[in-house]
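Results of the structural survey
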Amino acid sequence: METLQFPENFWWGAATSGPQSEGNFKKQHQNVMDYWYAQAPEDFYNQVGPDTASDFYHDFQTDIQLMKVCGLNTVRTSIQWSRLIDDFEKNTVNTEAAAFYSAVIDAFLANGIEPFITLHHFDLPAELLHKYGGWESKHVVDLFAGFAERCFALFGDRVKYWFTHNEPLVVVEGGYLDQFHYPKKVNGRAAVQVAYNLQLASSKAIAKYRQLKQDGQIGIILNLTPAYPASQAKADIEASEKADLWYNRLFMDASSKGEFPPALVELLEQEGVLWQAAKDELTLIRENTIDLLGVNFYHPNRVQRPKFSPKSLVVDFRPDKYWQAYDMPMARMNVDKGWEIYPRAVYDIAKDIQENYGNLLWYISENGMGVSQEERYLNADGVIEDDYRIQFIKEHLYWLHKGMREGSNCLGYHLWTPIDCWSWSNAYRNRYGLIANNIHTQTKTVKKSGRWFKKVAASGRLELENDIIE
Ligand code: BGP
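Residues numbered from 1 in each chain as written. Predicted model: local features only at pLDDT ≥ 70, side-chain atom pairs only at ≥ 80, totals over all residues. Heavy atoms only, no water.

**Some words on the overall build of the protein chain**
Counting secondary structure elements, the protein chain contains 15 helices and 19 strands. Computed over the C-alpha atoms, the radius of gyration of the protein chain is 21 Å, within 12% of the 23 Å expected from 2.2 N^0.38 for a compact globule of 470 residues. Dimensions of the protein chain along its principal axes, counting C-alpha atoms only, are 60 × 55 × 45 Å. In the protein chain, of all internal contacts separated by at least 6 residues, the share reaching a separation of at least 24 is 77%. As displayed, the protein chain offers around 18700 Å² of accessible surface, 48% of which is attributable to carbon and sulfur atoms. Separation between the mean location of the 48 positive side-chain charges and that of the 61 negative ones in the protein chain comes to 1 Å. (Helix = DSSP H or I, 4+ residues; strand = E, 2+ residues; numbered from the N terminus. Rg over C-alpha atoms; globule rule 2.2 N^0.38 Å. Contact = heavy atoms within 4.5 Å. Areas by Shrake-Rupley, 256 points an atom, 1.4 Å probe, with all protein chains shown as cover. Lys, Arg positive; Asp, Glu negative; His and termini not counted. Charge placed at Lys NZ, Arg CZ, Asp CG, Glu CD.)

Given below as structure tokens:
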């Protein structure tokens, strides 16, 4: 048996978001997901929408106590722009919403849990999409910076860890290339502009934070997916480098170094789709980098040379014309969700941050295993015995610890998610929580993994019994 010791002040936590947990109670405006559900409920698993979610709006006091039972010392959630603000142009605050978020923050603190707050978790107000074209518009970028400023002013006395966006790349890919998020467009040029505008919005929000001189930290949450080449052949390696530029370096470089990767800028220029960027915007991006990076990691990317030459004549640009997904034979899978399990990637990410990003402060902001119909694992005491999740977490912590031992500046590990929550078009298909939620009765029960997590968090010790697959 081997025991790994984590630092004393390590962040043992979990992440959720406002739109996935609160429910739409008393909300004045729809966000893009609410709007999408109202238009096409059939796009959502079992037609379950965000109306109730896990009812954090009413249950937050008891939910937070359950999080405490799982030993969490830090929890990330988000403030919904579409809840907090009454008039987006005037940036006026809805007092009831402000009181709600204030009470949530106080409840976290009263339970010894440090709240981490995200400002945009895929939940752009629908009105701003309809009026201005959403993230394609720089006016929306400015409105977002204004909303961020309101949040800092209202809650910055108690919230010390802020994050501008969650997974901006998912907004780009889901909304403008692959149609898995609203507005479900397919438009490479718009995708590139949206990527730029999201970065600009993040940097502008950071600039506002700096102006207020509050005593916390601000960062961004990026889904980093190392792009492993299918072979060591030159064409496969080149494909993986291109994929890496798009999946990882784009936001990573811009957010932490203040500059977009020159190789990506060159490629987009050659393609004739480079974003519209003003000089003063690029200066603002350069001057407003993050204090802290959150890394969401679920699965790696395996890529190979593209099937067709990137020089093929196509009308619309797509970044993935430079590579193609590779299904590695004998990959270890979470078969239920269809994602590869490759915990070693966490070590590769840790080393990449250490070696190529000035060893900046970071933490795992999401990692987790989605499983459907977990009632299958209910024991006689009504507890879900999710040993697979415990194993999943253990293996990722093992590789994280190795990276930290070698000097990577990782501050914590957050699981997705504390309480089973609603997840966009997947709705409640995949359950990720340390705490189960019966969505018909809103009864919440700590799973076996929740009790296990508490032990690890309380001692900072991870006990391994030859159960790590290298
Ligand atoms: C991440 C998002 C989360 C959450 C998670 C699980 O990308 O940041 O918001 O949805 O994925 O997603 P799913 O339940 O669709 O598998």
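**Structural notes on the environment of Ser21**
Inspection of the secondary structure assignment puts Ser21 in helix 1 (residues 18-21). Ser21 sits in the buried class, given a relative accessible area of 4%. Ser21 sits 35 residues away from Phe56 along the chain, and the two C-alpha atoms are 5.4 Å apart. For Ser21, the contacting residues outside a window of four places in its chain are Thr16, Thr52, Ala53, Ser54, Asp55, Phe56 and Thr77. A polar atom in the side chain of Ser21 sits 2.8 Å from the backbone oxygen of Ser17. (Buried < 20%, exposed > 50% of the residue type's maximum accessible area, 1.4 Å probe, protein only. Polar contact = N/O pair within 3.5 Å; in protein donor to acceptor, adjacent residues only side chain to side chain.)

**Details of the layout of surface pockets**
In this structure, the largest pocket encloses a volume near 1200 Å³. In this structure, the largest pocket is lined by 47 residues; those nearest its centre are Val170, Glu173, Phe180, His299 and Trp339. When contributions to the lining of the largest pocket are tallied by element, the ones reaching two or more residues are helix 8 (168-176), helix 10 (234-256), strand 11 (301-304), strand 12 (324-325) and strand 14 (339-340). The residue inventory of the lining of the largest pocket, partitioned by class, reads 22 nonpolar, 15 polar and 10 charged. Breaking the lining of the second largest pocket down by element, the ones donating at least two residues are strand 17 (435-438) and strand 18 (443-446). Examining the composition of the lining of the second largest pocket, we find that three residues originate from one element, strand 17, more than from any other. Grouping the constituent residues of the lining of the second largest pocket by class yields eight nonpolar, nine polar and five charged. (1 Å grid on protein atoms, 1.4 Å probe; cavity = no way out; pocket = protein on both sides within 12 Å on 5 of 7 lines; lining within 4 Å. Points joined across faces, edges and corners; volume = space filled by probe spheres on them. Nonpolar A, V, L, I, M, F, W, Y, C, P; charged D, E, K, R; others polar.)

**A word on the nonpolar core**
Residues Trp81, Leu84, Trp135, Trp162, Leu293, Trp362 and Leu400 are the most contacted members of the largest nonpolar core, which totals 135 residues. Tallying contributions element by element places helix 9 (residues 188-212) first for this core, with 12 residues. (Core = buried A, V, L, I, M, F, W, Y, C linked by side-chain atoms within 4.5 Å.)

**Quick word on unusual backbone geometry**
Along the chain, Tyr182 connects to Pro183 via a cis peptide bond; the corresponding omega equals 15°. Tracing the backbone through its elements, the reader meets Pro183 in the loop between helix 8 and helix 9. Note that the residue after Trp416, namely Thr417, is joined by a cis bond; omega there is 25°. Mapped onto the elements, Thr417 comes out in the loop between strand 16 (410-416) and strand 17. Even without a glycine there, the phi angle at Lys184 is positive, about 55°. Assignment of secondary structure puts Lys184 in the loop between helix 8 and helix 9. The backbone of Gln373 shows a phi angle near 45°, a positive value even though the residue is not glycine. Tracing the sequence through the fold places Gln373 in the loop between strand 15 (362-366) and helix 14 (387-405).

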